[in-house]
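Summary of structural features
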Amino acid sequence: MAAPLWQPGEAQQNSRLARFWEQARHHSGQPLDDYNALHAWSVEQPEAFWQQVWDFCGLVGEPGNTVLTRRDRFQDTRWFPQAKLNYAENLLHRNDTHPALISVLEDGTRTEVSYADLRVAAGKVAAQLQAAGVKPGDRVAGYMPNRIETVIAALGAAWIGAVWSSCSPDFGVSGVLDRFGQIEPTVLLACDGYHYNGKWIDLGERIDALHDALKPALMVVVPGKGNSTPVRRALIWQTWLDSAGPAPDFAALPFNHPLFILYSSGTTGQPKCIVHGAGGTLLQQTKELQLHADVGADDTLFYFTTCGWMMWNWLLCGLHTGATLVLYDGNPAYPNTARLFDLVDDEAITHFGTSAKFIQAVEKSGLKPRESHDLATLGTLFSTGSPLLHESYDYLYEQVKANLLVSSISGGTDIISCFALGNPLLPVYRGELQCPGLGMDVAVFDDDGEPLADSKGELVCRQPFPCCPIQFWNDPDGSRFHKAYFARFDGVWAHGDYAQLVPHEQHCGLIIHGRSDAVLNPGGVRIGTAEIYRQVETLDAIREAIVVGQEWQGDVRVVLFVVLADGVDLSEALQTRIRKAIREGATPRHVPAVIAEVPEIPRTVSGKIVELAVREVIHGRPVTNGNALANPQALEHFSDRPELAN
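It should be emphasised that the depicted structure is a prediction, and the values quoted were computed from it without experimental measurement.

Turning our eyes to something else, we now look at the nonpolar core. Core analysis: the largest hydrophobic core is formed by 96 residues, its most contacted members being Tyr87, Leu129, Leu155, Trp237 and Leu319. Among the elements that line this core, the one with the most residues is helix H6 (residues 148-160), at ten residues. Apart from residues no more than four positions distant in its own chain, Tyr87 is found in contact with Leu155, Ala158, Leu259, Phe260, Ala278, Leu282, Gln285, Asn313, Leu316 and Cys317. Grouped together as the second largest cluster of nonpolar side chains are 40 residues, Ala541, Ile542, Phe561 and Val591 included.

A separate point is the pattern of salt bridges. For the structure on display, the rule yields 26 salt bridges. A salt bridge links Glu347 to Arg110, with the nearest nitrogen and oxygen atoms 2.8 Å apart. Here Arg110 lies in strand S6 (residues 110-114) and Glu347 lies in helix H12 (residues 339-347), a separation of 237 residues in the sequence. Judged by relative accessible area, which is 44%, Arg110 ranks as partly exposed. Here Asp566 and Arg543 are joined by a salt bridge, their closest N and O atoms 4.0 Å apart. Within this pair, whereas Asp566 is found in the loop between strand S31 (555-564) and helix H18 (572-585), its partner Arg543 is found in strand S30 (residues 542-552), the two being separated by 23 residues in sequence. Each of Glu391, Asp394, Arg430 and Arg534 takes part in salt bridges that share partners, so that together they form one network.

The next thing to look at is the environment of Val428. With respect to the helices, strands and loops of the structure, Val428 is situated in the loop between strand S23 (417-421) and strand S24 (435-436). Exposure remark for Val428: the relative accessible area of 0% places this residue in the buried category. For the pair formed by Val428 and Asp72, sequence separation is 356 residues and the distance between their alpha carbons is 39 Å. Beyond its immediate sequence surroundings of up to four residues, Val428 is in contact with Pro4, Leu5, Trp6, Tyr393, Tyr397, Leu405, Val406 and Gln434.

Rules behind the numbers
Residues numbered from 1 in each chain as written. Predicted model: local features only at pLDDT ≥ 70, side-chain atom pairs only at ≥ 80, totals over all residues. Heavy atoms only, no water. Core = buried A, V, L, I, M, F, W, Y, C linked by side-chain atoms within 4.5 Å. Buried < 20%, exposed > 50% of the residue type's maximum accessible area, 1.4 Å probe, protein only. Helix = DSSP H or I, 4+ residues; strand = E, 2+ residues; numbered from the N terminus. Contact = heavy atoms within 4.5 Å. Salt bridge = Lys/Arg side-chain N within 4 Å of Asp/Glu carboxyl O.

Given below as structure tokens:
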């Protein structure tokens with residue numbers, strides 16, 4: 001086996017996970033000699049484990065006497081059924097002058113807010129919402145960039161038990177209505193514009209259209225620049241806050257009280273509205289941040305995200321650790337790919353998060369941050385959104401920082417957290433996620449529901465976990481919810497990832513090979529798309545790619561679409577080079593039967609490529625919800641391709 005790229009040192013022996021592990025040994029009376037043993041204890045003794053997480057991570061609230069009430073069905077399990085807590089109170093328990101939020105906009109505008117001031121501002125939002133008649137369970141929707149005001153509003157809603165839901169302003173009116181139209185918000189918070197790629201994007205007309213369609217009882221607008229807005233029929237954010245009365249008491253709510261509504265990508269139908277509970281979200285995310293990521297009160301945490309991606313909600317929970325959060329809104333590569341690394345140095349970021357695609361873009365740009373930047377404070381780098389290529393691990397350790405804990409993490413909107421992620425006490429191996437998350441009974445199943453030790457199959461979770469969604473909105477009998485996660489294997493959560501466990505002596509790593517619904521099946525052999533992307537996207541001639549399966553002569557053949565670098569032609573020589581790289585780096589079965597050029601790849605607003613939508617288009621089937629895409633016009637490039645008729 002290859003040597004690890006990173007090993008924990010003496011500093012990691014004092015990590016929060018190390019202290020938690022020692023407590024677990026004491027409480028369990030077991031030696032728990034390695035991570036496999038600790039993880040096994042966490043899933044075999046869930047009552048003891050999750051109670052220890054509550055206590056160790058310092059949740060504010062009353063846990064009650066019962067941790068777990070089991071039911072016949074996985075999704076009906078109830079965690080901390082007697083508990084009372086408030087999400088906002090937990091995130092605002094630090095109440096001093098330490099910086100809570102630092103906001104940096106693309107145009108360079110920087111704003112800083114302390115924990116004490118954040119608490120005051122969120123309390124004003126809570127007071128104004130309550131004065132407007134907003135009740136627990138009412139929806140407060142944000143059509144907002146990643147700004148401080150967005151965080152304040154979300155915390156103010158949670159303060160009184162309202163449910164927060166947000167969409168990135170990249171969405172057009174139809175895309176927003178596909179989401180907010182289902183949940184019928186009482187309150188709409190919107191920003192009238194933002195900077196992206198050096199341009200001002202005005203949102204005034206969109207906001208007016210949303211107001212007409214949604215008819216919220218209250219609309220508040222944040223001016224994107226200056227102190228006024230041209231948007232009609234709206235209260236101005238600061239004026240609205242300034243007229244607030246005293247903050248109400250934090251609402252003490254049940255563990256499963258709805259907190260957030262998130263949305264599936266919606267690229268093949270109307271987005272599913274996924275309702276997440278306050279207790280499960282808080283307990284799971286603070287476990288990940290404190291134990292797996294080792295984030296503490298003296299750290300500075302950054303994740304590049306929009307408010308339409310679950311990583312924004314994950315980042316928000318960083319406030320529970322007492323850390324400083326850095327928010328960035330704009331193009332992460334404007335004016336060049338050094339922008340976010342500048343931010344690391346400027347704000348002394350200790351934990352930096354981004355997408356695997358961004359890391360690839362930085363590498364292709366030729367940037368070598370270890371030479372151009374200091375990065376002295378940076379200790380951990382998170383990556384998610386798609387599998388992190390093996391070669392990207394090499395780049396990070398060779399050209400970013402040698403002594404860096406690279407945490408490739410995987411989970412998603414469905415659980416608002418992770419199934420597999422990093423670990424400060426385990427080595428990092430090329431191409432692997434370090435470990436399954438504590439308390440998550442992760443396994444890989446074959447088609448018959450049998451566990452696989454080290455072969456590719458369906459990523460599942462065999463035992464209930466606290467961050468299981470409460471429900472889908474407008475799914476009264478739970479049938480859509482059951483179909484989404486439990487129809488494949490009875491009583492087992494099937495996540496939709498094509499994965500593989502990697503056994504090590506003291507722990508088990510994990511490789512994600514792509515989404516299982518995008519798996520290719522030529523000749524009856526299942527192939528993960530990530531295995532092809534890994535070979536193709538390391539070629540300098542190719543900027544990006546998307547691969548799908550085409551139904552062909554009673555079988556399936558692999559079709560690869562590529563976006564070429566400037567000045568490059570898709571010659572026979574280049575096609576031969578592509579096929580050779582895939583054959584040698586993967587297998588002959590991975591080699592595409594057809595390679596075709598397109599000018600752009602369709603993506604969701606959060607940046608994920610949409611293999612399923614492209615697959616529908618090449619077969620002449622309709623894509624029912626192009627509004628979910630950031631660039632729906634890109635689908636036109638895949639329609640009626642002559643290469644696919646031969």
